[in-house]
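Take a look at the letters that make up each chain.
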Amino acid sequence: MSELLLLTPELLVLFGALLALFADKITGHPRAAAHIAAPLSVVAALVAALIGTRGGIFAGMLALDNVSVFARVAIALLLAFWLHWVSGRGTGGERSAEAVALAMLSAVGGMLMASARDLIVLFISLELSTMPAYVLMGYRRGDARGLEGALKYFLLSMLTSLIMLYGLSFAYGISGSTAYADLGAVDAGTLGQLAIAFVLVGLFAKLSAAPFHYWTPDAYAGAPASSVAYVSTVPKIAGVVALVQLVAAFAGNGGTITVVLLVGSLLSMLVGNLAAYPQTDLRRLMAYSGVAHSGYILLAAAAGSAGGTAAVFYAVAYAVPSMAIMLLGSEEGTALDDLAGLAARRPAIAWASVVWLLSLIGIPPMVGFFGKLTMFTAALDHGLVWIVAVAVTMSVVSAGYYFKVLRSVFFGERLDARRATRSTPAVIAYAALTVVTLALGVLASPVLEFFGLRF
Amino acid sequence: MDFPLLTVIVFLPLLGAAVVALLGNARAVAGRVVAATVAVVDLALVAWLASRFDVDGGMQFVEKLTWVPQVGITYHLAIDGMSLAMVALSALLTVLAIVASWKTEKNPALWFSMLLLLEVGMNGVFVAMDFVLFYVFWELVLVPMYFLIATWGGPRRQYAAVKFFLYTLFGSVFMLVGIIALYLQTGTFNILEMAGAGLDPKFQWWVFAAFFLGFAVKVPVFPLHTWLPDAHVEAPTAASVLLAGVLLKMGSYGFLRISLPILPDAAAEWSTFIAALAAISIVYGAAVAFAQTDMKKLVAYSSVSHMGFVMLGIASMTPEGLNGAVAVMFSHGVVTGMLFFLVGMVYDRTHTRMIAEVSGLSSQVPVAGGLLAFASFASLGLPGLSGFVGEFLSLVGAWASDIPVGWVVLSAIGVLLAAAYMLWLVQRVVLGSPSAAVSGIADLSAREVAVLLPLVALTLIVGLYWDSLLRFTDPAVRSILAMMGGA
């Protein structure tokens with residue numbers, strides 16, 4: 001029983017998901033689900049922070065180390081921000097209650113994934129975090145393009161999940177156990193190599209890292225921007241934690257894993273950044289930018305335990321401003337030209353978007369800079385000089401396309417723009433995301449101290 | 001704890017920027033008064049600091065707090081004579097830029113808050129003694145400058161602003177790699193502690209290369225200078241003044257504060273290469289300036305040439321050369337600031353910057369014409385004016401050093417070229433009979449003269465009484481050389 005109490009945050013979110021399904025009916029308010037769920041998620045984050053770190057629970061199937069706790073809190077908080085925004089804006093023309101429930105279920109999966117120490121738990125929580133995402137991506141039932149994207153996402157994601165499961169079965173066959181702790185036994189033989197490669201295929205696809213990123217732009221471009229805001233950010237944090245922990249578990253296997261990670265990193269950085277440049281739709285642009293950021297994350301993940309922590313920190317640093325930008329796209333329209341003249345219409349949001357975009361480029365003092373700093377430090381410490389050189393060059397390229405967004409916001413002209421109605425919850429969500437983007441950079445120290453993160 | 005004077009000097013403009021932004025365009029008149037007041041108070045604080053400054057006291061007014069102890073980052077500010085000269089320049093030019101653009105009508109709240117935000121970055125770079133903090137200020141400068149150019153610039157402002165941003169960012173990300181490499185090697189981000197760490201020469205070479213990219217783009221050194229003419233031509237006057245006057249110096253300051261003391265072996269290895277690039281920059285900048293038909297472009301290319309003397313002085317690694325480098329940095333800030341202001345003031349009246357369309361300023365507008373001639377003389381390095389001091393010392397230093405004589409001679413030819421293109425400019429623009437564009441225009445207003453007078457005074461003071469500047473810079477450069485192991 002006492003061990004179950006340690007899962008209070010997950011249970012709270014799960015409870016919220018179930019409640020959300022009925023909240024609208026019970027209260028008669030169209031967005032009651034999100035209104036109830038948002039504070040519940042904040043409470044879940046607080047509880048997760050209070051519980052802090054614990055060793056193995058449930059016979060070692062789960063464990064709450066520093067990184068897991070950080071990810072758990074981050075997932076719950078980001079979920080809360082997203083829900084808060086939904087409580088103000090809804091999800092387009094569709095009912096929002098199901099979206100709220102789906103996002104919360106996905107978050108439960110993510111939070112479990114972050115603390116998984118067993119292959120079975122990993123797989124189940126991974127599926128739990130991904131399945132609702134398929135539905136969210138195809139949330140507009142009448143939209144053929146959206147459904148096509150969602151179907152593509154579903155098929156590719158299922159395929160890679162199964163490949164991953166196949167890899168997990170190899171790992172089990174070799175080590176005779178599903179516990180991470182025993183994975184060191186997966187030796188450098190052909191079967192072991194295949195096991196590692198298959199597992200990474202699955203995770204790469206979840207992180208939309210090249211060369212398994214093809215579903216991303218199409219799925220994002222067809223989906224409602226509000227869904228993209230969630231799906232492109234929160235599950236990614238959990239995926240990175242799982243990746244980092246698996247990499248650590250597999251460590252000592254002849255360097256295959258490092259090679260695979262670095263190849264994926266290089267490809268993702270190049271493909272993501274170069275393909276993002278010509279995009280004119282915010283969702284496609286952010287899809288490719290997500291691929292690029294996954295590339296940086298893989299680079300950090302290849303750089304030992306310090307790199308692993310840096311990778312998780314970077315995943316959060318990526319998720320916060322990205323979510324904000326997609327939410328903005330959901331309000332203003334997703335073509336880059338739709339953002340034109342935003343500075344005149346909504347100056348405060350326009351300046352907040354400067355903070356988000358500069359953070360994604362990696363300009364101090366925003367969190368993106370500290371993410372890059374810790375990541376490059378870990379990578380250079382591992383002697384990965386050349387790939388770091390590629391990474392920093394590519395971050396300059398990324399500035400090129402983020403500036404296209406900025407340029408539209410500040411210097412574009414749009415005559416037909418309708419003024420978005422005021423929505424206090426949405427403004428609070430933006431404010432929270434902006435504050436986190438700034439504060440995690442300037443006041444990184446207390447946060448790192450609290451979670452005991454070391455790079 | 002002492003009064004944190006440096007913190008106030010750096011962050012007071014941030015407060016001002018916030019107030020100006022919050023006042024908004026509806027209360028822009030109040031906003032610009034706030035902006036001017038903040039900038040003047042900041043300048044006064046710098047003056048107060050200078051009055052309490054002990055020229056032989058090394059690093060002073062030190063403030064050191066932990067910031068992110070997990071990764072060894074501190075909040076560490078300090079100032080020496082070289083930094084003081086640069087901060088003074090930054091604070092002064094900000095005041096003048098605000099006064100000169102007093103009548104800005106397009107989105108004034110944003111304009112003045114961006115100028116103040118820029119000052120935060122400029123002041124901060126010169127007093128930050130922690131690498132990460134230094135990098136924060138270094139990048140902070142880019143954002144307001146991007147907006148200054150992109151919002152108030154000329155027809156190709158978007159292109160120029162993004163080009164400026166991307167070029168500088170390209171350099172600075174490699175600088176970041178260098179910073180991290182140094183951190184991994186020494187275990188600290190403290191710029192001052194790193195000096196004399198006795199790093200492996202081969203390692204130094206690579207880190208020097210990384211920093212070189214960051215600093216050389218900013219200076220700019222040929223062939224990394226191509227962003228500069230675009231940025232200058234498109235930038236509004238006040239932004240041009242600050243760009244040339246202060247931002248370029250961040251690059252050369254980086255060489256002096258970081259590359260030389262921390263990487264002395266590599267610096268010695270690179271010195272001939274840098275001297276060669278410096279000489280090429282000097283002659284190339286001058287030659288291209290010669291060919292310009294646009295006054296602003298001419299001044300922009302003359303900056304490439306003048307900054308070449310800074311690099312030449314740095315490459316010499318002698319006390320004379322380094323003093324000369326800092327003196328050129330200071331003087332170029334003052335003189336080029338004056339030139340950009342004047343070109344802007346002439347443009348406001350004639351609506352053209354084409355040399356061919358402007359002539360006879362001295363007979364139509366004698367004050368403007370006379371000051372333009374004065375600034376041109378200062379720029380070409382007339383003895384008795386500030387431009388001469390640094391270029392002379394740089395050449396002396398280069399001559400006394402191991403730099404191959406050919407490069408020094410080439411640089412000296414650059415002085416002649418500077419005299420030629422500046423005098424030719426004076427002949428065409430200031431002298432002669434008034435052209436159509438010039439006839440009927442009004443002379444400088446009292447406000448405009450007030451902007452230029454401090455710069456005229458500084459040009460004369462530094463030019464006639466060298467010690468007024470060198471007493472600050474000399475101990476600083478000698479300590480840099482001492483850190484290099486008395487090279």
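Preceding block: the structure.
Now for a quick tour of the structure. This one's a predicted model, so the numbers in the text were calculated from it and none came from an experiment. (Residues numbered from 1 in each chain as written. Chains lettered and ligands numbered in written order. Predicted model: local features only at pLDDT ≥ 70, side-chain atom pairs only at ≥ 80, totals over all residues. Heavy atoms only, no water.)

With respect to the overall build of chain A
The cut-off we apply is this: Helix and strand definitions follow DSSP, with helices as H or I runs of at least four residues and strands as E runs of at least two, each counted in order from the N terminus. In this treatment the radius of gyration is a C-alpha quantity, and the globule benchmark scales as 2.2 Å times the residue count to the 0.38 power. Exposure classes here rest on a 1.4 Å probe applied to the protein chains alone. A residue is buried below 20% of its type maximum, exposed above 50%, and partly exposed in between. Any pair of residues with heavy atoms lying within 4.5 Å of one another is described as a contacting pair. Here the open area of atoms and residues is found with the Shrake-Rupley method and a 1.4 Å probe, where only the protein chains shown may cover a residue. Counted as positive: Lys and Arg. Counted as negative: Asp and Glu. His and the chain ends are not counted at all. Lysine's charge is taken at NZ, arginine's at CZ, aspartate's at CG and glutamate's at CD.
The helix and strand tally for chain A stands at 20 helices and 2 strands. Taken over C-alpha atoms, the radius of gyration comes to 20 Å for chain A, in line with the 23 Å a tight globule of 455 residues would show. When the backbone C-alpha atoms are referred to their principal axes, chain A occupies close to 65 × 50 × 45 Å. Expressed as a percentage of the 455 residues in chain A, the buried residues total 64%. In chain A, of all internal contacts separated by at least 6 residues, the share reaching a separation of at least 24 is 79%. As displayed, chain A has an accessible area near 15300 Å², and 69% of this comes from carbon and sulfur atoms. Computed over 25 positive and 22 negative side-chain charges, the inter-centroid distance for chain A is 8 Å.

Examining the pairing of strand β1 (residues 60–68) of chain B
Residues and elements named next belong to chain B. Worth spelling out the cut-off: The pairing criterion is simple: DSSP has to find at least two bridges between the two strands.
Both β1 and strand β2 (residues 73–79) contribute to a ladder of 6 bridges, which runs antiparallel. In the sheet register, Leu-65 faces β2, and the bridge partner there is Tyr-75. Hairpin connection, β1 to β2: the antiparallel pair is bridged by 4 residues, and Gly-72 has positive phi, about 70°.

Side note on the interface of chain B and chain A
It is common to give the size of an interface as the accessible area lost on bringing the parts into contact. The condition is simple: Summed over both partners, the accessible area lost on bringing two parts together, with a 1.4 Å probe, is the buried area. In what follows, salt bridge is the name for a side-chain nitrogen of Lys or Arg lying within 4 Å of a carboxyl oxygen of Asp or Glu. Definition of a polar contact: a pair of N or O atoms within 3.5 Å, with one able to donate and the other able to accept a hydrogen when the atoms are protein atoms, and with sequence-neighbouring residues admitted only if both atoms are side-chain atoms.
If you look at the interface, chain B gives 31 residues, while chain A gives 34 residues. Roughly 3000 Å² of surface becomes buried between chain B and chain A when both sides are summed, with 85% attributable to carbon and sulfur atoms. At the boundary of chain B and chain A, one finds 0 salt bridges. Scanning the region where chain B abuts chain A turns up 4 residue pairs in polar contact (both at pLDDT 80 or more). Those elements that place two or more of their residues in the side of chain B that touches chain A are β1, α4 (108–127), α5 (131–140), α6 (142–152) and α7 (157–186) of chain B. Here the element with the most residues in the side of chain B that touches chain A is α7 of chain B; it accounts for 14 residues.

Some details on the packing of helix α11 (residues 234–250) of chain A against helix α13 (residues 282–301) of chain A
All names here are of chain A. Keep this limit in mind: Fitted lines through C-alpha atoms serve as axes, helices being fitted only where they are in contact, and the angles separating the N-to-C directions of these axes extend from 0 to 180 degrees. Should an angle fall under 35 degrees it is called roughly parallel, over 145 degrees roughly antiparallel, and 65 to 115 degrees roughly perpendicular, with every other angle called oblique. Put simply, a crossing is left-handed when the front helix is turned counterclockwise from the back one by less than a right angle, and right-handed when it is turned clockwise. Here the term charged refers only to Asp, Glu, Lys and Arg, the term nonpolar to Ala, Val, Leu, Ile, Met, Phe, Trp, Tyr, Cys and Pro, and the term polar to all other amino acids, Gly among them.
Packing of α11 against α13 brings their axes to within 11 Å, and their N-to-C directions diverge by 25°. With respect to each other, α11 and α13 are oriented roughly parallel. Once α11 is placed against α13, the crossing between them reads as right-handed. Note on element contacts: α13 touches α11 through Gly-290, Val-291, Ser-294, Ile-297, Leu-298 and Ala-301, opposite Lys-236, Val-240, Leu-243 and Val-247. Split by residue class, the contact of α11 with α13 holds 7 nonpolar, 2 polar and 1 charged.

Things to note about the packing of aromatic side chains
Under the convention used in this document: By convention, a stacked pair of Phe, Tyr or Trp rings (six-membered ring in the case of Trp) has centres within 6.5 Å and planes under 30 degrees apart, an edge-to-face pair has planes over 60 apart, and any other such pair is tilted. A positively charged side chain is recorded as over a ring if its NZ (Lys) or CZ (Arg) lies within 6 Å of the ring centre. The angle to the ring normal must also be within 35 degrees.
A complete count under the given rule lists 55 aromatic pairs over all chains for this structure. Summarising the aromatic geometry, the rings of Phe-369 of chain A and Phe-370 of chain A are spaced 5.2 Å apart at their centres and angled 75° between planes, so their arrangement reads as edge-to-face. The burial state of Phe-369 of chain A is the same as that of Phe-370 of chain A; both residues are buried. Judged by centre distance (4.2 Å) and plane angle (5°), the rings of Tyr-183 of chain B and Phe-189 of chain B are stacked. This pair shows no difference in class: Tyr-183 of chain B is buried, exactly as Phe-189 of chain B is. In this arrangement the basic side chain of Lys-218 of chain B is found over the ring face of Trp-138 of chain B, its NZ or CZ atom lying 5.2 Å from the centre.

A short note on the packing of helix α13 (residues 295–316) of chain B against helix α17 (residues 386–400) of chain B
Residue and element names in this part refer to chain B. At a minimum axis separation of 8 Å, α13 and α17 run at an interaxial angle of 35°. Note on packing geometry: the crossing formed by α13 with α17 is left-handed. Across the interface between the two elements, His-306, Phe-309, Leu-312, Gly-313 and Ser-316 from α13 touch Glu-391, Ser-394, Leu-395, Gly-397 and Ala-398 from α17. Among the residues making up the contact of α13 with α17, the classes are represented as 4 nonpolar, 5 polar and 1 charged.

Considering the pattern of salt bridges
Residue and element names in this part refer to chain A. Overall, the coordinates contain 18 salt bridges over all chains when judged by the stated rule. Ionic pairing is found between Arg-89 and Glu-331, a salt bridge with its closest N-O pair at 2.7 Å. A residue pair is termed long-range when its members are at least 10 positions apart, and Arg-89 in helix α4 (residues 66–89) and Glu-331 in helix α14 (residues 304–332) qualify at 242 residues. Relative accessible area serves as the criterion here: at 7%, Glu-331 is assigned to the buried category. Note that Asp-281 and Arg-283 form a salt bridge whose closest N and O atoms lie 3.3 Å from each other. Beyond isolated ion pairs, a larger network of salt bridges with shared partners links Arg-89, Glu-331, Glu-332, Arg-345 and Arg-346.

Focus on unusual backbone geometry
Residues and elements named next belong to chain A. Omega for the bond connecting Ala-210 with Pro-211 falls within 30 degrees of zero, at 0°, which places this linkage in the cis form. Here Pro-211 is to be found in the loop between α8 (190–206) and α9 (215–222). Cis geometry marks the peptide bond from Pro-364 to Pro-365; its omega dihedral reads 5°. Here Pro-365 is to be found in the loop between α16 (347–361) and α17 (367–381).

Section: α17 of chain A
Residue and element names in this part refer to chain A. Spelled out, the test is: By this rule the span expected of a helix is its residue count minus one, scaled by 1.5 Å.
The terminal C-alpha atoms of α17, which comprises 15 residues, lie 21 Å apart, in line with the 21 Å expected from a rise of 1.5 Å per residue. Taking burial as the measure, the 15 residues of α17 include 14 buried ones, the bulk of the element. Downstream of α17 by one or two residues, Gly-383 has phi in the positive range, about 75°.

Thoughts on a nonpolar patch on the surface
Residues and elements named next belong to chain A. Selection rule: What makes a patch is a set of residues exposed beyond 30% relative accessible area and free of salt bridges, joined within 9 Å when like-charged and within 5 Å when nonpolar (Val, Leu, Ile, Met, Phe, Trp, Tyr).
On the surface, Leu-4, Leu-11, Leu-14, Leu-18, Leu-21, Phe-22 and Ile-26 cluster together to form a nonpolar patch covering roughly 640 Å² of accessible area. With 6 residues, the top contributor of residues to the nonpolar patch is helix α2 (residues 8–27). Residue placement: Phe-22 occurs in helix α2.

Some details on the side chain of Glu-10 of chain A
All names here are of chain A. Tracing the chain through its elements places Glu-10 in helix α2. Taking relative accessible area as the criterion, Glu-10 reaches 4% and is therefore assigned buried. Leaving out residues up to four positions away in the same chain, Glu-10 has contacts with Arg-72, Val-108, Met-111 and Leu-112.

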